Amino acid sequence: MQLEYTYMDSPVGQLLLAGDGEVLHYLSFPTGKMAMQPAYDWYLHRAAFKQARHQIDDYFAGQLKQFDLALAPQGTAFQMQVLGALQNIPYGQMRSYKDIAQAIDRPKAMRAVGAANGRNPIPLIIPCHRVVGANGSLTGFGGGVETKAFLLRLEGAIS
């Protein structure tokens, strides 16, 4: 699928946004195990995703607590359930993998929830950074644990 992409500066580094029209398919942090580069058939459109860039800027400025954007994440039915549950975690709050597993009526699927959480193609907008270990530890995050800690501090979830 040929998508368009752009980059934007943020307090956690340059973000990659990609999608179709104004519908966001991917957001990538510059570091971490899920950092991505544009695919060979994507094309650079510097003015793309104006609304997303504006809302992300407002989020980092502390002026936006909930994104309202057209999203098109891809995944299995289970992954989509997890992504849906992530979108219900309020700004400034955290949930455990167990909490998410229970929210999707799969209470024993904590590891699978962790795997689906880690494959989130639109982090930040779909707030996988708000999921922590059962003991509150800042377990893995595709953008790096430092970025996760920054986002949770920004939201006031940790000090």
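Here the structure is a predicted model, which is why all the values come from computation and not from measurement.

### What to know about the overall build of the protein
For step 1, the next point in the chain: What the protein contains, in helices and strands, is five helices and six strands.
For step 2, the next point in the chain: Ordered by position in the sequence, the α and β elements of the protein form the string β-β-β-β-α-α-β-α-α-β-α.
For step 3, the next point in the chain: What you see for the protein is a C-alpha radius of gyration of 15 Å, in line with the 15 Å of a compact globule of 159 residues.
For step 4, the next point in the chain: Seen along its three principal axes, the alpha-carbon backbone of the protein occupies a region of about 40 × 35 × 25 Å.

### A short note on the packing of helix α2 (residues 77-86) against helix α4 (residues 110-118)
For step 1, the next point in the chain: Following both chains from N to C, one finds α2 and α4 inclined at 80°, their axes separated by 9 Å at the closest point. Judged by the angle between their axes, α2 and α4 are roughly perpendicular. Taking contact as the criterion, the partners of F78, Q79, V82 and L86 in α2 are, on α4, A112, V113, A116 and N117.

### Some words on the layout of surface pockets
For step 1, the next point in the chain: Estimates place the volume of the largest pocket at around 260 Å³.
For step 2, the next point in the chain: Lining the largest pocket are 14 residues, and of these Q66, F67, Q87, I125 and P127 sit closest to its centre.
For step 3, the next point in the chain: Residue composition of the lining of the largest pocket, grouped by class: nine nonpolar, three polar and two charged.

### Description of the pattern of salt bridges
For step 1, the next point in the chain: Inspection of every chain in the model, using the stated rule, returns one salt bridge.
For step 2, the next point in the chain: In this structure, R130 engages E155 in a salt bridge whose closest nitrogen and oxygen atoms are separated by 2.8 Å. With R130 in the loop between α4 and β6 (131-132) and E155 in the segment after α5 (145-154), this residue pair connects regions lying 25 residues apart in the sequence. Across the pair, exposure class does not vary: R130 and E155 are buried alike.

### So, the nonpolar core
For soluble globular proteins, nonpolar side chains are generally found buried alongside one another.
For step 1, the next point in the chain: Judged by nonpolar contacts, the single largest core of 38 residues is most densely connected at I56, L86 and L124.
For step 2, the next point in the chain: Counting residues per element, the ones that place at least two in this core are β2 (15-20), β3 (23-28), α1 (50-60), α2, α3 (97-103) and α4.
For step 3, the next point in the chain: It is α2 that contributes the most residues to this core, five residues altogether.
For step 4, the next point in the chain: Not counting chain neighbours up to four residues away, the residues in contact with L86 comprise I100, N117, N120, I126, P127, C128 and V131.
For step 5, the next point in the chain: Judged by nonpolar contacts, the second largest core, of five residues, contains L3, Y5, L16 and A18.

### Points about the sheet that holds strand β1 (residues 4-8)
By way of backbone hydrogen bonds, the strands of a sheet pair with one another, either parallel or antiparallel.
For step 1, the next point in the chain: Taken in spatial order, the four strands make up an open sheet running β3-β2-β1-β4, and their pairing is mixed. The sheet is open, and its two edges are formed by β3 and β4 (43-44), each paired on a single side.

### Examining the packing of aromatic side chains
Each aromatic ring pair is characterised by the separation of its centres together with the angle its planes make.
For step 1, the next point in the chain: Per the stated rule, a full pass over the model turns up eight aromatic pairs.
For step 2, the next point in the chain: Consider the rings of Y5 and W42, whose centres lie 6.4 Å apart with planes at 45°: the pair is tilted. With Y5 in strand β1 and W42 in the loop between β3 and β4, this pair connects stretches of sequence that are 37 residues apart. Just as Y5 is buried, W42 falls in that class too.
For step 3, the next point in the chain: These aromatic residues form a ring-pair network of at least three members: Y59, F60, F67, Y91 and F150.

### Brief notes about unusual backbone geometry
For step 1, the next point in the chain: Although it is not a glycine, F49 adopts a positive phi angle of roughly 60°.
For step 2, the next point in the chain: With respect to the element layout, F49 can be found in the loop between β4 and α1.

### A closer look at the pairing of β2
For step 1, the next point in the chain: Summarising burial for β2: five of the six residues are buried, a large majority.
For step 2, the next point in the chain: Both β1 and β2 contribute to a ladder of five bridges, which runs antiparallel. Looking at β2, one finds that Y7 is bridged to L16.
For step 3, the next point in the chain: From the end of β1 to the start of β2, which pair antiparallel, there are six residues, and G13 there has a positive phi angle of about 110°.

Reading the values: the criteria
- Residues numbered from 1 in each chain as written.
- Predicted model: local features only at pLDDT ≥ 70, side-chain atom pairs only at ≥ 80, totals over all residues.
- Heavy atoms only, no water.
- Helix = DSSP H or I, 4+ residues; strand = E, 2+ residues; numbered from the N terminus.
- Rg over C-alpha atoms; globule rule 2.2 N^0.38 Å.
- Axes fitted to C-alpha atoms, helices over the stretch in contact; angles between N-to-C directions.
- Parallel < 35°, antiparallel > 145°, perpendicular 65-115°, else oblique.
- Contact = heavy atoms within 4.5 Å.
- 1 Å grid on protein atoms, 1.4 Å probe; cavity = no way out; pocket = protein on both sides within 12 Å on 5 of 7 lines; lining within 4 Å.
- Points joined across faces, edges and corners; volume = space filled by probe spheres on them.
- Nonpolar A, V, L, I, M, F, W, Y, C, P; charged D, E, K, R; others polar.
- Salt bridge = Lys/Arg side-chain N within 4 Å of Asp/Glu carboxyl O.
- Buried < 20%, exposed > 50% of the residue type's maximum accessible area, 1.4 Å probe, protein only.
- Core = buried A, V, L, I, M, F, W, Y, C linked by side-chain atoms within 4.5 Å.
- Pairing = 2+ DSSP bridges.
- Phe/Tyr/Trp six-rings, centres within 6.5 Å; stacked < 30°, edge-to-face > 60°.

The values reported here are purely geometric and, on their own, carry no functional implication.
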